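Per-entry structural report
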Amino acid sequence: MSESLYMQFDKNVEVDHPKVQLQDVAKLACRDEKILNRCRVMPVMSLDAKKPGRYVVNVMDIVDKLGKAEAGLDLVTSGEPAFIVTFVTDTRKHPVKEWLKAIGVCIITFFGMSFSIMTFNNDVDLGKLFSQIYQQVMGVPSNGFTVLEISYSVGLGLGVLFFFNHFGKWKLTQDPTPMQVQMRLYEEDVNTTILEDRQREQAQSGQKG
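First, a word on scope: everything that follows refers to the structure included in this document. Model, not experiment: these values are computed from the prediction. (Residues numbered from 1 in each chain as written. Predicted model: local features only at pLDDT ≥ 70, side-chain atom pairs only at ≥ 80, totals over all residues. Heavy atoms only, no water.)

Quick word on the packing of aromatic side chains
Defined as follows: For Phe, Tyr and Trp, rings pair up if their centres lie within 6.5 Å, where Trp contributes its six-membered ring, and each pair is then called stacked (planes under 30 degrees apart), edge-to-face (over 60) or tilted (otherwise). Elements are defined by DSSP. Helices are runs of H or I of four residues or more, strands are runs of E of two residues or more, and each kind is numbered from the N terminus. Remark: exposure states derive from per-residue accessible area (1.4 Å probe, protein chains only) relative to the maximum for the residue type, with buried under 20%, exposed over 50%, and partly exposed in between.
In this structure the tally under the stated criterion is three aromatic pairs. Residues F9 and F83 carry aromatic rings whose centres are separated by 5.3 Å and whose planes lie at 15° to one another, so their mutual orientation is stacked. Highlighted residues: F9 in strand β1 (residues 4-9) and F83 in strand β8 (residues 82-87), separated in sequence by 74 residues. Considered together, F9 and F83 belong to a single accessibility category, that of buried residues. A centroid spacing of 5.6 Å and a plane angle of 70° characterise the contact between F130 and Y152, whose relative ring orientation is edge-to-face. Highlighted residues: F130 in helix α5 (residues 126-138) and Y152 in helix α6 (residues 147-164), separated in sequence by 22 residues.

Observations regarding the packing of α5 against α6
In plain terms, the rule: Simply put, an axis is a line fit to the C-alpha atoms, just over the touching stretch for a helix, and the angle between two N-to-C directions goes from 0 to 180 degrees. For this classification, under 35 degrees means roughly parallel, over 145 means roughly antiparallel, 65 to 115 means roughly perpendicular, and everything else is oblique. Contacts: residue pairs with any heavy atoms within 4.5 Å of one another. Ten residue types, Ala, Val, Leu, Ile, Met, Phe, Trp, Tyr, Cys and Pro, are classed as nonpolar, four, Asp, Glu, Lys and Arg, as charged, and the remainder, Gly among them, as polar.
Remark: α5 packs on α6, axes separated minimally by 9 Å, with the N-to-C direction vectors making an angle of 130°. The pairing of α5 with α6 is recorded here as oblique in orientation. Mapping the contact onto sequence places L126, F130, I133 and Y134 in α5 and L148, E149 and Y152 in α6. Its residues assigned to classes, the contact of α5 with α6 comprises six nonpolar, no polar and one charged.

A few points about the side chain of N121
Looking at the element boundaries, N121 is found in helix α4 (residues 95-124). If we skip the residues at most four places from it in the chain, N121 touches L126 and Y152.

Topic: helix α2 (residues 33-40)
Residues spaced three or four apart along an α-helix point in a common direction, a consequence of the helix completing one turn every 3.6 residues. Threshold: It is the directions from the helix axis to the C-beta atoms whose arc is reported. In protein, a polar contact means a hydrogen-donor-capable atom and an acceptor-capable atom, both N or O and within 3.5 Å, with residues adjacent in sequence counting only if both atoms are side-chain atoms; elsewhere, any N or O pair within 3.5 Å suffices.
Within the sequence span of α2, burial applies to I35, L36 and C39. Within α2, the buried residues cover an arc of 100° as seen down the axis, which keeps them to one side. In this structure, the buried side of α2 is in contact with β1, α1 (22-25), β4 (26-29) and α3 (59-69). You can read the cap of α2 off the contacts: a side-chain oxygen lies 3.0 Å from the backbone nitrogen of K34, and it is on D32.

Right under this line is the structure:
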């Protein structure tokens, strides 16, 4: 009875060394430890150490290579038919650089959000609306600094915190924040675009050939 090797591939894997092995890009399982250890160290690709970036790998190329190296081994794959290898040359984090990035993002977000809120308030003429409501309810003109403006300002700040579900290390719930969701969607779109572009390039090369 032949042994089976199970391989699971994700859409994007990150490596920090140019000699990429099968264990770097796939989760492997096999009952025979000797076969499993041989497959783990099978070279998948050799990258230029001076050229970090994203590289597309076809799972069928790996299956073909394994089939030739391990005759009689049943190969079972799951996950993506093609995946991206993201090669990074420096994984060390520089505290000063990270802090500067965080401060820059906070400044841009603060002023961008402030501008959006002020633009909305001016567009709907919220100050005039509050003045009319206050005069109708209280019977006296508003001085522009009433319970309506205070409640609106406080509620706006609390609403932002509740919406983003994040304040420092404190979270209201364990659900991912809207920012995390959008970043995951953006990452998924980038990965899909890279894979589709690669497939189109291969298709066009095949037609020319």
